[in-house]
Amino acid sequence: FPPAVFPLSCAVQSYSWGKVGLESEVAKLLASSDPLVQIQPDRPYAELWMGAHPRGDAVIRDNRIPQKTLGRWIADNPACLGAKVKDAFQGRLPFLFKVLSVNTALSIQAHPNKELAAKLHAQFPEHYPDANHKPEMAIALTPFEGLCGFRPVEEIVSFLQTVPELRALIGEVAAEQLERSGSDDPRGVSAALRVCFTRLMKSEKKFFVDQLNMLVKRISQEAAEGKDTSGSNGDLLLRLHSQYPGDIGCFTIYFLNLVRLEPGEAMFLGANEPHAYLQGDCVECMACSDNTVRAGLTPKFIDVLTLCEMLNYTPAPSSSKIFPAAQSQLDPSVYLYDPPVPDFAIMRIEIPPSIKLYLVSAVDSASILLVIQGTAVGTSTAAASEMTLRRGSVLFISANESISLHLSSPDGMLLFRACCLL
């Protein structure tokens, strides 16, 4: 039998928003996994792609395997996915696993559901390259910040009353409609919110740049005088404006929740949920798609009309955006993040120092294992030889295969494992 468990060497993406050099978790993981890698101090190391995406197919690090990349290997050995996964996802790995190191904000964006994805792909294939949905989950590795979902209405109304520049862009009629909308009529609230947000995003470029400059000038003066600018979300406004001067995305902070995640906390981004990662390091898992509808904080193609049409305008507090992990009943070292989509799930595996032999159990799905902390020697009946696992190591594990870890680090291990639990 060919080896069904093997180490991977993964693709790095150098997007401009990434952390540079060894400030980046991606770079640190690379450097510790492969001592021969030269980390360039001024290059952004934004994303590590662990999977079989055609623009970043992982390379197999086992010279006994004739296929060079994971994508080719899965195509030749589709049973490795597990019977259910293979049938449900047409013989393809249904997820892409990543590490992200975010220095400056990513674009204000949302991902379409399958129905809208099919429509967008048919109409604009150059911007929407496939017909799949793209739900995502991010789990913080370091303190992580992002914008996610619409704020409770009373928070937005409060900003409309303390930030005159925002009110000017939205207009008196729409602002009053939101102020009058009652919590007893959620559809009325969503309709008013849609009107306000769409007015903002479609405002004339010259008009919003003038208003933004006025706002930034005013907040900068107040901050210089030592005044509290939190009522206008001053700190975040100045930070985003310094990253993307004159960008409409700066105003979205008054509509979207600021979500702060501590290491191990997660957020799930379903279809039509507006979001933008702001800073920090995370592991991310997503369905295999490149469909992103953008509308600000980006130099890329923006599609304001589609975005404003598709969004989920349901207000909710930022605390509701944190997705809980469930500790496994069978293995207390495993915490499962199981989102409401079939494409992927993530396990966080925390092996305490007291355990020296740990079994990474078999699941009925191909999976990808990433080591964040600790060292071990891994053995498997499905592996060609024993494997040294250290920080930054990535393993592919075929369906229904297990690995024994012989731990050598004094302080346990932290691993993340992406799989598909149908």
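The model shown is predicted, which means the values in this text are computed figures rather than measured ones.

J.: Can you explain the UniProt feature "binding site: Zn(2+)" (unreviewed entry) in the chain? Please cite residues and give values.
T.: UniProt records the feature "binding site: Zn(2+)" (unreviewed entry) for Gln-109, His-111, Glu-136 and His-275 in the present numbering. These annotated residues cover 167 residues of sequence, but their C-alpha atoms sit close together, with the largest distance between any two at 12.1 Å. Along the chain, Glu-136 falls in strand E7 (residues 136-140). Exposure remark for Glu-136: the relative accessible area of 3% places this residue in the buried category. With respect to the helices and strands, His-275 occurs in strand E11 (residues 275-287). Apart from residues lying up to four places away in sequence, His-275 is in contact with Ser-107, Ile-108, Gln-109, Ala-110, His-111, Glu-136, Leu-147, Cys-148 and Leu-269. A distance of 3.4 Å separates polar atoms of two side chains, one belonging to His-275 and the other to His-111.

J.: How would you summarise the packing of aromatic side chains if you had to cite specific residues and measurements?
T.: The final tally for this structure, using the stated rule, is eleven aromatic pairs. With centroids separated by 5.0 Å and ring planes inclined at 75°, the aromatic side chains of Phe-6 and Trp-73 adopt a geometry described as edge-to-face. Of the two residues, Phe-6 is situated in strand E1 (residues 5-9) and Trp-73 in helix H2 (residues 70-76); the sequence distance between them amounts to 67 residues. The exposure class of Phe-6 is buried, given its relative accessible area of 0%. With a centroid separation of 5.5 Å and an interplanar angle of 80°, the aromatic rings of Phe-197 and Phe-255 are classed as edge-to-face. Of the two residues, Phe-197 is situated in helix H8 (residues 186-201) and Phe-255 in the loop between helix H10 (234-243) and strand E9 (256-261); the sequence distance between them amounts to 58 residues. For Phe-255, a relative accessible area of 0% translates into the label buried. Pairwise contacts between aromatic rings join Phe-150, Phe-197, Phe-255 and Tyr-313 into one cluster.

J.: Run through the side chain of Ser-333, naming residues and quoting values.
T.: Tracing the sequence through the fold places Ser-333 in the loop between strand E14 (326-327) and strand E15 (334-337). You can call Ser-333 buried: its relative accessible area is 6%. In this structure Ser-333 touches Arg-348, Ile-349, Glu-350, Ile-351, Pro-352, Ile-355 and Tyr-358, once residues within four positions along its chain are discounted.

J.: So what's going on with the sheet that holds strand E19 (residues 376-379)? Which residues, and what values?
T.: Sheet architecture is open: four strands sit in the order E17-E22-E19-E20, paired in antiparallel fashion. In the strand order of this sheet, the two ends are held by strand E17 (357-360) and strand E20 (387-389), each with one partner. Neighbour-to-neighbour, the strand axes of this sheet turn through a mean angle of 30°, independent of strand direction. Of the strand pairs in this sheet, E19 and E20 are connected by three bridges, and their pairing is antiparallel. Bridging from a neighbouring strand, Gly-378 pairs with Met-387 of E20.

J.: Tell me about the UniProt feature "active site" (unreviewed entry) in the chain, residues and numbers included.
T.: Those residues carrying the UniProt feature "active site" (unreviewed entry) are Arg-294 in this numbering. Along the chain, Arg-294 turns up in strand E12 (residues 293-294). We classify Arg-294 as buried; its relative accessible area is 17%. Non-local contacts of Arg-294, meaning those with residues more than four positions away in its chain, are made with Ser-107, Ile-108, Gln-109, Lys-300, Phe-301, Ile-302, Asp-303 and Val-304. Polar side-chain contacts of Arg-294 include one of 3.4 Å to the side chain of Ser-107.

J.: Tell me about the environment of Ala-287, residues and numbers included.
T.: Turning to its location among the elements, Ala-287 is positioned in strand E11. Ala-287 sits in the buried class, given a relative accessible area of 0%. Ala-287 sits 55 residues away from Pro-342 along the chain, and the two C-alpha atoms are 9.1 Å apart. Contact partners of Ala-287, with chain neighbours within four places excluded, come to Pro-94, Asn-132, His-133, Lys-134, Pro-135, Asp-343 and Phe-344.

About the criteria used
Residues numbered from 1 in each chain as written. Predicted model: local features only at pLDDT ≥ 70, side-chain atom pairs only at ≥ 80, totals over all residues. Heavy atoms only, no water. UniProt positions renumbered as here; feature names shortened; annotations may be inferred. Helix = DSSP H or I, 4+ residues; strand = E, 2+ residues; numbered from the N terminus. Buried < 20%, exposed > 50% of the residue type's maximum accessible area, 1.4 Å probe, protein only. Contact = heavy atoms within 4.5 Å. Polar contact = N/O pair within 3.5 Å; in protein donor to acceptor, adjacent residues only side chain to side chain. Phe/Tyr/Trp six-rings, centres within 6.5 Å; stacked < 30°, edge-to-face > 60°. Pairing = 2+ DSSP bridges. Axes fitted to C-alpha atoms, helices over the stretch in contact; angles between N-to-C directions.

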